[in-house]
Amino acid sequence: MTRITSLLAASLVLLSGVAHAGELTVYTALEADLLPVYKKSFEEKNPGISIRWVRDSTGIITAKLLAEKDNPQADVVLGTAATSLQLLDAEGMLEGYAPKGLDKIDPRFVSKDTPPTWVGTNAWAAALCVNTVEMKKRDLPIPTSWADLIKPEYKGLIVMPNPASSGTGFLDVSSWLQMWGDQKGWAYMDALHHNIATYTHSGSKPCTLAASGEYPIGISFEFRAARVINQGAPVVAVVPTEGVGWDVEASAIIKGTPNEADAKKLIDWAVSDDAMKIYAKNYAILGNPAMEEAIKNVPADIKAKLIKNDFEWAASHRAAILEEWQKRFGSKSEPKG
């Protein structure tokens, strides 16, 4: 080896070292207000590795990752719907990895691959946010079921997320189709559409709108319902009696990342006890159930109402479901911001 060749080889080693010790680009659909907490915890335990977030709603993040399939820009996907990661897995975009502590995680929160291509950390489930003051003004009862929502007295009072842009919206639509089948599921959505004021592009926004009283009933999720109640909003969280859809916030390594070693450390952290302690402050359902804590104002029966969710079915039918949904109901979506 010549001296010049030796210097070049040494330079490449140094450059390689910088790439592996540097910044992780992490795509996520996690709630924006939680990201600083997660970043601080991971970086304190992994000095020399920093996180650069790319945050958007589940549908947008999923579309972005698929568009970048041949030229991936992300190292890791953290906290995005398992149904979306199942879709990416089918496209061969995820790197299998069994993180430390995997044996503590509920098998329903882990992909069926060996090693797993995605691992879930916590779940979120559908819930209604209902403004009690606004309902009293209108002399209307608090709805307790999905069936209640299609009654004529609720016309124009309900908002729900667009399933194409919101993971919460998709878990609603997917759960109705799984519970009732195609014919009854779409018939229900046709009836519900008459009472919908608008479809939002965020899963938490319907609850926020219910809290402000702009629309008294929001189809949202249990974490956001508890959050607005704990902040003092005149809202009650309702778990519809028929059962509710749910999804897992899961994480995965993007295949081909040049930062694989650091990416594995992030997945290790995501399922660690330290991370679970953080999730437990906000989420009632964890991948490691031994770490769960009661969350104030999350309905106590939420786990009993989770439907038997088939993630593979939801992922494989996602495109067709969204196409049909858009054709029927998309005209009532709010403008994209």
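Refer to the structure above for everything that follows.
Calculation criteria
- The residue numbering used here restarts from 1 in each chain and proceeds along that chain's sequence as written.
- Since the coordinates come from a predicted model, pLDDT governs what is reported: local features require at least 70, and pairs of side-chain atoms require 80 or more to be given and counted, while whole-chain, interface and lining totals use all residues.
- As a rule here, side-chain values cover all heavy atoms of the structure and leave hydrogens and water aside.
- Take a side-chain nitrogen of Lys or Arg and a carboxyl oxygen of Asp or Glu: if they are within 4 Å of each other, that pair is a salt bridge.
- By the criteria applied, helices consist of DSSP H or I runs no shorter than four residues and strands consist of E runs no shorter than two, each listed in order from the N terminus.
- Using a 1.4 Å probe on the protein chains alone, a residue whose accessible area is under 20% of its type maximum counts as buried, one over 50% counts as exposed, and one in between counts as partly exposed.

> Teacher, can you tell me more about the pattern of salt bridges here?
Charged atoms that come close allow side chains of opposite charge to pair. Following the criterion strictly, the structure yields 20 salt bridges and no others. Between Arg52 and Glu23 there is a salt bridge, with its nearest N and O atoms 3.8 Å apart. In this pair, Arg52 is assigned in strand 2 (residues 50-55) and Glu23 in strand 1 (residues 23-28), connecting sequence segments 29 residues apart. Using a relative accessible area of 38% as the deciding quantity, one classes Arg52 as partly exposed. For Glu23, a relative accessible area of 42% gives the class partly exposed. Lys64 is paired through a salt bridge with Glu68; the nearest N and O atoms lie 3.3 Å apart.

> Just to check I follow, could you spell out unusual backbone geometry for this structure?
Only a minority of non-glycine residues have a phi that is not negative, and only a minority of peptide bonds are not trans. Thr114 connects to Pro115 through a cis peptide bond whose omega is -10 degrees. Of note, Pro115 is situated in the loop between strand 4 (94-95) and strand 5 (119-131). The phi angle at Asp139 is positive, at roughly 55 degrees, despite the residue not being glycine. As for its position among the elements, Asp139 is in the loop between helix 5 (132-137) and strand 6 (158-161). The exposure class of Asp139 is exposed, given its relative accessible area of 71%. Positive phi is not limited to glycine here, since Asn297 has a value of about 75 degrees. Looking at the element boundaries, Asn297 is found in the loop between strand 11 (285-286) and helix 11 (311-329). Since its relative accessible area comes to 34%, Asn297 is described here as partly exposed.

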